[in-house]
Amino acid sequence: MEVSMLCTRVSLLILILSLCSPYKFIQSPMDFGPLNLLPTTTTASSDFGRILFHAPAAVLKPQSSRDISLLLSFLSGSSLSKVTVAARGAGHSIHGQAQALDGIVVEMCSLPAEIEFYKGGEISYADVSGGVMWIDLLEQSLKLGLAPRSWTDYLYLTVGGTLSNAGISGQTFKHGPQISNVLQLEVVTGRGEIVTCSPSKDADLFNAVLGGLGQFGIITRARILLQEAPQKVRWVRAFYDDFNTFTKDQELLVSMPDLVDYVEGFIVLNEQSLHSSSIAFPANVDFNPDFGTKKSPNIYYCMEFAVHDYQHKNTDVEQIVEVISRQMSHMVSQLYTVEVSYFDFLNRVRMEEMSLRSIGLWEVHHPWLNMFVPKAGINDFRDLLMDNVSPDSFEGLILIYPLLRDKWDTNTSVVLPDSGSTERVMYVVGILRSANPEGGCSHHCLQELLRRHRRIADTAGVHLGAKQYLAHHPTPSGWHQHFGWRWERFAERKTRFDPLRILGPGQGIFPRRDDSAAYGS
Ligand code: FAD
């Protein structure tokens, strides 16, 4: 064995011993052979949810896939070790999914961020680090007139972070989630092996990692499919006072992928939800609905869609919008359209972030719940939701839009509802609440909101066959139920790719025996 390798092994052994010790050894940067482990930071123990704060013992800022491989090879080679490791992308999880209590957090953003592009006649793609944010990929690919096909609403998320879930937005009905738009991955497995995988090479690992909640390996590179980027986007919003009409129109639009490029929608519960959702939409919206009273509220719905404008193609997007809207049944005169640059359209949530930051409402608690709901249950889900929401005081946004099942690959680890599986359409509903401690929502209020969300998730799971997206289950048995028939496959993949259960402790799916109490909240 080379001397340097021996030194590395000795250093890592010391690392394991120090991490297993009840005393916190890592109080300053420590040079474990080639691995520079840093003391923990507040960032490493927090996330966008601001609900859980689990401090790791150390942070790794890898400079290459090899750094991650060295760490995982050694940890997986020693059954002595109880050390866990979580990849942390942008930390925009809600329930501590990227945290590792007393373990090691790997800060993916420190990997070199260069992006390589391939522009071909048939196919174009970008090779990016798993720690690159989608906004950076967008900015760079636009310089070549290209862009990824499938997005999330917010772009300050990492490629590895969204691919570990699914990555959905208004383009998903047309192109599938982001995990359906990846050609190849480089993954460091829980055993420390660096594997390049794709649908035709090591397909099992490829499928496991996509939607795999960080359980099987760390995505260090991804090859993302690109398409020609439009210069502009015609962005349309239409209002409804009837839920069935709203969903019927949404389903109509997702049946027209040749005309429509994006479909979403949200519930308009009160003045605040109307105002905050209008920040990025630069049209003059003079919708002044009557919200009724606290006892008898009136609820509205807004459908939004977009049509790409490729200026060199001379397509008449206004004409296309006209053709589409003639078939819609929105409230009379309540349709608004505006043209914005493609970049501004995709980056729209950044404007909302800036506005919320300016009034101190971005870094607050975010008790969010996202659910995939079978089409047959969407009316009942709406009723369940309204039983658990006070329209006059709700703060945040409730998104509802349809997705098409045949755009999802069921070989990946992602979990979709089983019921209604013969129906092409299912819905995603995002209850994106803000709870501001300064505005009166401190500990008890937050716990009550979390309880309500759990009630919605449990009831919708049992009665409607809905499944959580970006799921959080407080117990391993909750996870078994979540995966259902997929559990065996998921557990078998874990045994194969991360047998010592080192990765992704913050998800609480495969707790190490002595961790179970910590993740039970
Ligand atoms: P993190 O929170 O850092 O990590 C998430 C999970 O992935 C953790 O388990 C972590 O260990 C694991 N992980 C991170 N990087 C890697 C890697 N390289 N390899 C393996 N595992 C890894 N989601 C949507 O689908 N659509 C949306 O429109 C959408 N909008 C959002 C808007 C906002 C404002 C926010 C805060 C979130 C939104 N999300 C949306 C959710 C978001 O996609 C997920 O929370 C995602 O995990 C965030 O990415 P991240 O880089 O912050 O990941």
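First things first, this report covers the structure right here in the doc. No experiment lies behind these values; they were computed from the predicted model shown.

## Let's talk about the nonpolar core
- Counting 88 residues, the largest nonpolar core has Val 128, Leu 163, Leu 185, Phe 372 and Trp 408 as its most contacted members.
- Excluding residues that lie within four positions of it along the chain, Leu 185 makes contacts with Leu 163, Val 195, Thr 196, Cys 197, Phe 206, Val 209, Leu 210, Ile 219, Arg 221 and Ala 222.
- Residues Val 236, Ala 238, Tyr 240 and Leu 404 belong to the second largest nonpolar core, which totals 45 residues.

## Describing the site of the ligand
- In the vicinity of the ligand there are 33 residues, among which Ala 87, Gly 89, Ser 93, Thr 158 and Tyr 469 approach most closely.
- Ala 87 is positioned with one of its backbone polar atoms (N or O) 2.7 Å from an oxygen atom of the ligand.
- Here Ile 168 contributes a backbone N or O atom positioned 2.7 Å from a nitrogen atom of the ligand.
- With the chains in place, 95% of the 950 Å² that the ligand exposes on its own is no longer accessible.
- Contributing elements (two or more residues each) for the shell around the ligand: β4 (85-88), α4 (159-163) and β11 (217-228).
- The residue makeup of the shell around the ligand, split by class, is 15 nonpolar, 16 polar and 2 charged.

## Topic: the pattern of salt bridges
- Per the stated rule, a full pass over the model turns up 21 salt bridges.
- Of the charged contacts, one joins Asp 261 and Lys 174 as a salt bridge, the two residues approaching to 2.8 Å between their closest N and O atoms. Highlighted residues: Asp 261 in the loop between α7 (243-254) and β13 (262-268) and Lys 174 in helix α5 (residues 172-175), separated in sequence by 87 residues.
- Judged by relative accessible area, Lys 174 falls into the buried class, the value being 16%.
- One network of salt bridges, with partners in common, ties together Arg 50, Arg 350, Glu 353, Arg 357 and Glu 363.

## Some details on empty space enclosed by the protein
- The tally for this structure, following the rule as stated, stands at 4 cavities of 30 Å³ or more.
- Each pocket or cavity is described by its volume, and for the largest cavity that value is around 100 Å³.
- Every residue lining the largest cavity is counted, 14 residues in all, and those nearest its centre are Leu 213, Val 414, Val 415, Gln 468 and His 482.
- Every element with two or more residues in the lining of the largest cavity is listed here: β19 (467-469) and α14 (476-483).
- No other element matches the 3 residues that α14 contributes to the lining of the largest cavity.
- Taken together, the residues of the lining of the largest cavity sort by class into 9 nonpolar, 5 polar and no charged.

The rules behind the values
Per chain, residues are indexed from 1 in the order of the written sequence. Residue-level local features of this predicted model are given only where pLDDT is at least 70; pairs of side-chain atoms are given and counted only at 80 or more, and the full residue set underlies all totals for whole chains, interfaces and linings. Calculated side-chain values reflect all of the structure's heavy atoms, with hydrogen atoms and water omitted. Grouping buried Ala, Val, Leu, Ile, Met, Phe, Trp, Tyr and Cys residues that are joined through side-chain atoms within 4.5 Å yields what is termed a nonpolar core. Burial classes: relative accessible area under 20% of the type maximum marks a residue as buried, over 50% as exposed, and values in between as partly exposed (1.4 Å probe, protein chains only). Here, two residues are considered to be in contact whenever any of their heavy atoms come within 4.5 Å of each other. Throughout this document, a residue counts as near a molecule or strand when at least one of its heavy atoms sits within 4 Å of that molecule or strand. Counting of polar contacts relies on pairs of N or O atoms within 3.5 Å, with two restrictions inside protein: one atom must be capable of donating a hydrogen and the other of accepting it, and residues adjacent in sequence are counted only when both atoms are side-chain atoms. To measure how exposed things are, a 1.4 Å probe is used in the Shrake-Rupley method; for residues, cover is taken only from the protein chains shown. We count a stretch as a helix when DSSP gives it H or I for four or more residues in a row; a strand needs E for two or more, and each element gets its number in order from the N terminus. Three classes are used, and their members are as follows: Ala, Val, Leu, Ile, Met, Phe, Trp, Tyr, Cys and Pro are nonpolar, Asp, Glu, Lys and Arg are charged, and the others, Gly among them, are polar. When a carboxyl oxygen of Asp or Glu lies within 4 Å of a side-chain nitrogen of Lys or Arg, that pair is called a salt bridge. Definitions used for this entry: grid spacing 1 Å over protein atoms alone; cavity, a set of points where a 1.4 Å probe fits but cannot get out; pocket, an open set with protein on both sides within 12 Å along at least 5 of 7 lines; lining residue, one with an atom within 4 Å of a point. Grid points are joined across faces, edges and corners, and a volume is the space filled by probe spheres set on the points.

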